[in-house]
Amino acid sequence: MANIASDEGPQLKRGVGVIGLTFFALGSVIGSGWLFGALNAAKVAGPAAIISWPLAGVMILVIVLSYAELSPAYPVAGGIYRLAHYAFGGLGGFVMGWVSWLFSMSLIAIEVEAALTYLSGLKGMTWLVDANADLTMPWGFVIAVALALVFALVNMVGVKLFSESNTVVVWWKVGVPVLTVIVLLFALHPGNFTAGGGFLPKQSGDFGGIKGIFLALPLAVVFSEIGFDSAIQMAGEARNPKKDLIRAVLWSTGIGVVVYTLLQFVFIGAMPAKYLNHGWAGVADGFAHTIHGPYVIMATVAGLGWLAWFLYIDAAVSPSGTGFIYTGTQARLLYGMGRQGYLPPATQKLNKNSVPWISVLIGWAGSVLLFLPFPSWSSLVAAITSVAVISYCAGPAALNHFRKVDPDRERGFKVPGSKVLGPLGFIFGSLLVYWTGWGTMWRVDGAIILGLIVMFVYLLIRPKDKRPPLDAKNSLWIWVWLIGLNLFALFGAFNGWPNDPTPEQLDSWYHPVNGLLSFGPDTIFVAVFGLLIYFWAQASALPAEKSLAYIAEDAEEASAASIQDEPAATAS
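Computed from a predicted model, the values in this text were never measured in an experiment.

J.: Account for the confidence of the model for the protein, with residues named and values stated.
T.: Confidence in the prediction for the protein averages 79 pLDDT; 80% of positions are at 70 or higher. Looking at the elements of the protein, mean pLDDT is at its lowest for helix α21 (residues 555-564), recorded as 52, and at its highest for helix α19 (residues 521-540), recorded as 95. Contacts from residues 497-510, a stretch scored under 50 in pLDDT, to residues over four places away or in other chains number 31 contacts. Confidence drops under pLDDT 50 across residues 561-572; counting only partners more than four residues distant or on other chains, this segment forms 24 contacts.

J.: If you had to explain helix α16 (residues 418-434) to someone new, which residues and values would you point to?
T.: For α16, which comprises 17 residues, the first-to-last C-alpha distance of 24 Å matches the rise-based estimate of 24 Å (1.5 Å per residue) to within 8%. Here α16 lies mainly inside the structure; 14 of its 17 residues are buried.

J.: Any chance you could break down the packing of helix α14 (residues 385-392) against α16 for me, citing the residues and the numbers?
T.: Axis separation between α14 and α16 bottoms out at 9 Å; the angle between their running directions is 165°. Classified by the interaxial angle, the pair formed by α14 and α16 is roughly antiparallel. Remark: the crossing between α14 and α16 carries left-handed chirality. Contacts between α14 and α16 involve S386, V389 and I390 on the former and, on the latter, G429, L432 and V433. Of the residues that constitute the contact of α14 with α16, the class distribution is 4 nonpolar, 2 polar and no charged.

J.: Go over the packing of aromatic side chains with me, naming the residues and quoting the values.
T.: Within the structure shown, the criterion is met by 22 aromatic pairs. Taken together, a centroid distance of 5.8 Å and an interplanar angle of 50° make the contact between F214 and F519 tilted. In this pair, F214 sits in helix α7 (residues 209-225) while F519 sits in the loop between α18 (476-491) and α19, placing the two residues 305 residues apart along the sequence. Classification of F519 by relative accessible area gives partly exposed; the value is 30%. Members of the aromatic cluster, joined through ring pairs, are F88, F426, W477, W481, Y534 and F535.

J.: Provide a residue-level description of the nonpolar core, including the pertinent values.
T.: W34, F103, F267, Y295, F402, W477 and W481 are the most contacted members of the largest nonpolar core, which totals 162 residues. With 25 residues, helix α4 (residues 79-119) is the largest single contributor of residues to this core. What F267 contacts, discounting residues up to four positions off in sequence, is A38, L39, A42, P294, Y295 and M298.

J.: Quick one: what's the story with the packing of helix α15 (residues 394-405) against helix α20 (residues 544-553), residue by residue and with numbers?
T.: At a minimum axis separation of 10 Å, α15 and α20 run at an interaxial angle of 95°. The orientation of α15 with respect to α20, classified from their angle, is roughly perpendicular. Within the contact between the two elements, α15 uses H401, F402 and V405 and α20 uses A544, S547, L548 and I551.

J.: Account for the pattern of salt bridges, naming residues and giving values.
T.: For the structure on display, the rule yields 4 salt bridges. With a closest N to O distance of 2.8 Å, R403 and E69 form a salt bridge. Of this pair, R403 sits in helix α15 while E69 sits in helix α3 (residues 49-73), and the two are 334 residues apart along the sequence. Given a relative accessible area of 1%, E69 falls into the buried group. A salt bridge links R409 to D406; the shortest N-O distance between them is 2.6 Å.

Calculation notes
Residues numbered from 1 in each chain as written. Predicted model: local features only at pLDDT ≥ 70, side-chain atom pairs only at ≥ 80, totals over all residues. Heavy atoms only, no water. pLDDT = per-residue confidence, 0-100. Helix = DSSP H or I, 4+ residues; strand = E, 2+ residues; numbered from the N terminus. Contact = heavy atoms within 4.5 Å. Expected span 1.5 Å × (residues − 1). Buried < 20%, exposed > 50% of the residue type's maximum accessible area, 1.4 Å probe, protein only. Axes fitted to C-alpha atoms, helices over the stretch in contact; angles between N-to-C directions. Parallel < 35°, antiparallel > 145°, perpendicular 65-115°, else oblique. Left-handed = near helix turned anticlockwise from the far one by under 90°. Nonpolar A, V, L, I, M, F, W, Y, C, P; charged D, E, K, R; others polar. Phe/Tyr/Trp six-rings, centres within 6.5 Å; stacked < 30°, edge-to-face > 60°. Core = buried A, V, L, I, M, F, W, Y, C linked by side-chain atoms within 4.5 Å. Salt bridge = Lys/Arg side-chain N within 4 Å of Asp/Glu carboxyl O.

Take a look at the structure:
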């Protein structure tokens, strides 16, 4: 078994405390999603969208609990990938790591597009995007490329410097949504919660009713609330991971759920009645400038020009802060896959500031390429939500495996009832992926295939004695799981959502097979399928000796945490 880790050259520095880690994650959670999410959720669920946010929060928190135990116990960079590698071998780990990298890299492009889209509402800045909110060519595209490059250059200075400056940015990012909630509470119209067909309106097409609550999750809600993985990917640079990672993951997720639920509440309650003439599905039709965001319009209509300016400033700060964070996050994923030998050694090359600078630049280049086929926020966001959730499922799938093969490892936190919460988290993840619909799934398939091609080409050009093991049989469950979710999406009741959606514009191309599984039974079938796959994953995971051997290969990197575990290390 090849030990790919290198003992030469600079190492990742453990300089980030609990506040820094929490703000890494919270800065990812509070991004462009809050500026667009409430509108998208209300269009498909009406006032019942208020239920969607805590529902998604509970599902995500169940998944998060697995990482709250595993990440401090195995504090290495690129945590999601490395945990999957330890549990399910080379190929399984690479797939989960690649999918997680795709999500992290795509976030750079999304947040840049969000910032420029809002800024285009300012006088003299309309040239950034066109009437469809697409980046203009060439100047909108050039500015987007330059902004993404700024994210990369700041990351190269060093993670500790960035975490300290990010703290200020995140205080702003949380403060403006909270301010928006407080101000709009004074403009509530109680009748809005039953307007447009009632609290659970049955809207035209395939939207509304109970189904609308679930449909809102992949269209806006889950994308907005996820982000805890930023702290996990930075585990290799955590000062005191045994204590700080747990708090950072749980605090960031909990705060995000509360803030987003309150934002949806005031969005429903403060909506001016004149915008509800066509029901909640047509609420955006009443906005004069939907490109620039619903809260700006609501503030302007209410005569709160000062709040509108705060929102414009935040529309630049919030997405940019998230873009900074994920520029670093995606680099740690590539670094981790490079250390295991599944990507070229250049991905783990560190600069004098102990930052994997080539991996940072690869992420920047990838985000630039995404601007071309996906030139707007709305054209990209719906297609990547399931990518994140697929990678998150590695935690629940691996939780009880590590309990079995590595029982003596010190754990600062142990998930209570892991034999229930482990499979439940995996079921929740499977449902969240299924609810994104076929229009998302086939794109994810293509991206995964691309990653496999990259890996196999690299391995083929390496000498046989330098190729790391694939452990293919231990990852077979992943392929059956993904194929099964694709089939459920193809025949199921969730269509997916085109880029500029209204119920009447659902294109059959997004769902070529008319739903053979009706809503209700389809969810039960997917849940049962997810449970069966979970038990298969437990049975086919790596044997104890091999998992422990992989963990031992990274022992030096992980053990660096213990050197930092001193009383002074708990400061931010």
